[in-house]
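Given next are the chains, with one letter for each unit.
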Amino acid sequence: MNNAVNNGDDGIWSGTWVAERLGVELVGDDALTGLLGLALRRNPKRAHLLVSNVLGKHVPQAPSVVHGHGFALGRRVRDLLGAEEAAEAVVLGYAETATGLGHSVADGLGTAPYLHSTRRPVAGVAQAGGFEESHSHATSHLLLPEDPALLVGDGPLVLVDDEFSTGNTVLNTIRALHERYPRRRYVVVALVDMRSAADAGRLDDFAREIGARVDLVAAASGTVRLPAGVLEKGQELVARYEGTGAASGDRSAAGARETARQAPTDPHPADDRTRRTRPGHVTRVDLHWPRGLPDGGRHGFTPQHRARLETALPAMTARLAEAIPEGASRVLVLGFEELMYAPLRLARELEQVVAAEVRYSTTTRSPVLAVDDPGYAIRSRIVFPAHDDPADGPGERYAYNVAGGGFDAVVAVVDSAADTRELHAPDGLLSRLAAHTPHVVLAVVPSYIPEPLYAAALSEERPAMLPEPLRGPAFSSYPPEEVGWLLQDLSDVTLEAPTEEREEAIQSGGAHYAESLPVEYQPSEQYQELFHAALDTSAARIAQAVGVVTETVIAERSPRPVLVSLARAGTPVGVLMRRWAQFRHGLDLPHYAVSIVRGRGIDANALRWLAAHHDPRDVVFVDGWTGKGAITRELAAAIEEFEAGGGAAGFDAEIAVLADPGSCVRTYGTRDDFLIPSACLNSTVSGLISRTVLRADLVGPDDFHGAKFYRELAGTDVSVAFLDAVAARFPEVADAVGGAVKELLASDRTPSWEGWAAVERISEEYGIHDVNLVKPGVGETTRVLLRRVPWKILARAGAGADLDHVRLLAGQRGVPVEEVGDLPYTCVGLIHPQFTRGATGADGKAVTV
């Protein structure tokens, strides 16, 4: 398929097919046929469609060409107005087709703020105006400026549309706005002026009627000559080609001329010529879109916004470039309906930094017949369901000239309101694209929602932006893409204290456990061998639990979850869940680690960072396992406190865990209490990162919580080896995961809090009277032996190999292991109650009571 500016294959004008069959003529400037082709659409008001070759909507085009045409028109408007009037101008573009063009015209003017109409209502934003588009299939346009004063003033209003045909839409807009916000001058801008002779004089008459000057600037002019009965004839032609399967749809057969004789098929018959037998890979890229920068002109886009975007473009584009495979020769950046400008600017920048040929177009609401003929403008179409919960209800959406375009990669750019379950569904846009290209890259731009004026004022008093997440290898031994740590690096601070000193200070109330760190346990050779043996034995079991919890999250919580591990035990699980999503779905999920401290809550600054970069509704908190459910309750209370204090709403406090032996959550991989080898060690299985630290002299009100990176332990680090060993078992458990998830989703998973009840019973039965000193489950018991002063271990009778490492550690520390018959957990660790250093014997071993 040839998407050159002028013509299609073999130099044939891309309006020939329609012209020959309907007798439609395009008459005008020599440049006209280079700018426009023709297609047909099912529309009761107009059968033909003028298809622009330079708009970047239906026809993939070089982004420099698309932006350049709009920019040049903006320069012409500036010259027409003169410097003084141009400095007071406001640019208004039309949704959806001309939103990017209007932005580009504003770029050419240089100093003009920009607003485009929208078909998406936004809660909390007052409507400043609206109008109808007479010939369109979707007519209602809303004007929703963040600043109502944007449309007030006497400076020129520049109205931008892709074509100026009858002039009805533009004149109706000016009339409606002029009644509320009168001006002395208007400028109408279009790529092509296609008015008929009868319509040509209406502009001057209209200007006299409203008492204002109205100018017109267009790149080319001409007219469309339509023979009698063309509407009916065009509708019949559309019906015939769609009904016979000759249309080149998402799943169309070969070219229209070869398939016109085939029997009728479904409305979007298969395109075997372009469909791949194996779907392409989908990679998600975090652009790090600047906080507070609008995604476009829906609510206004000022010269200051433009300057911020220009500054951020190189770094954002570099992230996209890294995701494009080496050797790609042809790349498409695909925008989304009204979201045209941000993808265009990214594509324009990408064009300059990659060796591949870059093209740009966007998806659309407009239904157009596709015919695979070199003389027809719309050679193919991809059909998929709407994925932004449109106000007018669900329906089909389209991407034209993508299938069969020979693209080695497609970069799909959507706003966060459109990053929904429907986008990621089996029949959604991403899957449809993956059928036609080996690589799909998804980039999501945060949907800008204006803050109330009082909130904007408060935001000026907020502290400076929080730093970006720490990543390996500078912080942690994990590869940088595996996890971003929303922590501050305290590696140079001495925080370790002897275990007995820490325990005495904690139990006496003199210090909180998060104010210091235990001395890192150095495993013996025997213990390391036990770890590797346990990993070999349990890797498949863990892999299945990882698959189950990840599939449950994607099915129930979000199709594009943002994984947020509770550092540090949750971090290896979060990495494994991310790897499963890549393995099973081709998803590249964001993953971060944050600090949560019992009695102090979650790091509120980390939540603020997450809310600024992601939709809180997509955040899924991840932990390794539940014990009695203390952290589950801690997180719920912390989220409630965060929102009550004015923090962003939408965070779901339910934790997704690998194992839920305490029956504390609904989202889990298993409720069995078994050995998870990552619990056997400390930092050397968690990226060499310490437990998190919260101390007033080190962590200020505007800081992330802290942690240390134990670089010196690299020689004994098994963090990545643990991940690799589990991930290697993904293929063999994939079928079992599918069955387990189906069964799990149909079951009653309401938490029973059985573990909490057991802990309370044990606390009283053993005379401890403090549930915080009772640590149930294999993982928590291991922590007691590694970090605290253990008193005794309760083991369920017949627990077997899952407790080999617990028995070894208990023997090393002289801690008795007591077998219990009715224990709901595999084991429970009891911290020495009312500990003082006098409670240990001269040999340093715990005294049995």
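Residues numbered from 1 in each chain as written. Predicted model: local features only at pLDDT ≥ 70, side-chain atom pairs only at ≥ 80, totals over all residues. Heavy atoms only, no water.

A. Summary view of the overall build of the protein chain. Scanning the protein chain for helices and strands turns up 24 helices and 32 strands. Of the contacts formed within the protein chain by residues at least 6 apart in sequence, a portion of 76% connects residues at least 24 apart. (Helix = DSSP H or I, 4+ residues; strand = E, 2+ residues; numbered from the N terminus. Contact = heavy atoms within 4.5 Å.)

B. Local environment of the sheet that holds strand S32 (residues 827–831). One open sheet holds the 4 strands; their spatial order is S29-S32-S30-S31, and the pairing between them is mixed. Across the chains shown, the open sheet's two edge strands, defined by having one partner strand only, are strand S29 (774–776) and strand S31 (817–820). Going from strand to strand, the sheet's axes swing by 20° on average, the running direction of each strand aside. Where S29 lies against S32, 3 bridges are found, and the strand directions are antiparallel. (Pairing = 2+ DSSP bridges. Axes fitted to C-alpha atoms, helices over the stretch in contact; angles between N-to-C directions.)

C. Structural context of the pattern of salt bridges. The tally for this structure, following the rule as stated, stands at 41 salt bridges. Across the salt bridge formed by Arg284 and Asp419, the nearest N and O atoms sit 2.5 Å from each other. Taken as a pair, Arg284 in strand S11 (residues 281–285) and Asp419 in the loop between strand S16 (409–415) and helix H12 (421–424) lie far apart in primary sequence, 135 residues in all. Each member of the pair, Arg284 together with Asp419, is buried. The network of salt bridges with common partners includes Glu482, Arg578, Arg579, Asp588 and Asp724. (Salt bridge = Lys/Arg side-chain N within 4 Å of Asp/Glu carboxyl O. Buried < 20%, exposed > 50% of the residue type's maximum accessible area, 1.4 Å probe, protein only.)

D. Quick look at the sheet that holds strand S8 (residues 157–164). Read across the open sheet, the 6 strands follow the order S1-S10-S9-S8-S4-S5; overall the sheet is mixed. Of all the strands in the sheet, the pair left with one neighbour each is strand S1 (25–28) and strand S5 (114–116). With direction set aside, neighbouring strand axes in the sheet form an average angle of 25°. Here 7 bridges tie S8 to strand S9 (residues 185–193), and the two strands are oriented parallel to one another. What sits directly across from Asp161, in S9, is Ala190.

E. Layout of the environment of Val441. The topology assignment puts Val441 in strand S17 (residues 439–445). Since its relative accessible area comes to 1%, Val441 is described here as buried. Leave out the neighbours within four places in its chain, and Val441 touches Thr283, Val285, Leu320, Ala323, Val410, Val411 and Ala412.

F. The arrangement of the packing of helix H3 (residues 63–86) against helix H11 (residues 341–353) in detail. With their axes 8 Å apart at the nearest point, H3 and H11 run at an angle of 125° to one another. Classified by the interaxial angle, the pair formed by H3 and H11 is oblique. Handedness of the crossing formed by H3 with H11: left-handed. Packed against H3, whose contacting residues are Pro63, Ser64, Val66 and His67, the element H11 presents Tyr341, Leu344, Arg345, Ala347, Arg348 and Glu351 at the interface. Counted by class, the contact of H3 with H11 contains 5 nonpolar, 2 polar and 3 charged residues. (Parallel < 35°, antiparallel > 145°, perpendicular 65-115°, else oblique. Left-handed = near helix turned anticlockwise from the far one by under 90°. Nonpolar A, V, L, I, M, F, W, Y, C, P; charged D, E, K, R; others polar.)

G. Inspection of the packing of H3 against helix H4 (residues 99–109) at higher detail. Relative to each other, H3 and H4 sit at 45°, their axes nearing to 6 Å. Of the possible angle classes, the one that applies to H3 and H4 is oblique. Relative to H4, H3 is oriented so that their crossing is right-handed. Contacts between H3 and H4 involve His67, Gly70, Phe71, Leu73, Gly74, Arg75, Val77, Arg78 and Ala86 from the first element and Leu101, Ser104, Val105, Asp107, Gly108 and Leu109 from the second. Partitioned by chemical class, the residues of the contact of H3 with H4 number 7 nonpolar, 5 polar and 3 charged.

H. Seen up close, the confidence of the model for the protein chain. Here the protein chain averages 83 in pLDDT, and 86% of its residues register 70 or above. Confidence over residues 1–8 falls short of pLDDT 50; this stretch has 28 contacts with residues more than four positions distant or in other chains. In this model, residues 251–278 is a region of pLDDT below 50 whose contacts with residues beyond four sequence positions or in other chains number 62 contacts. (pLDDT = per-residue confidence, 0-100.)

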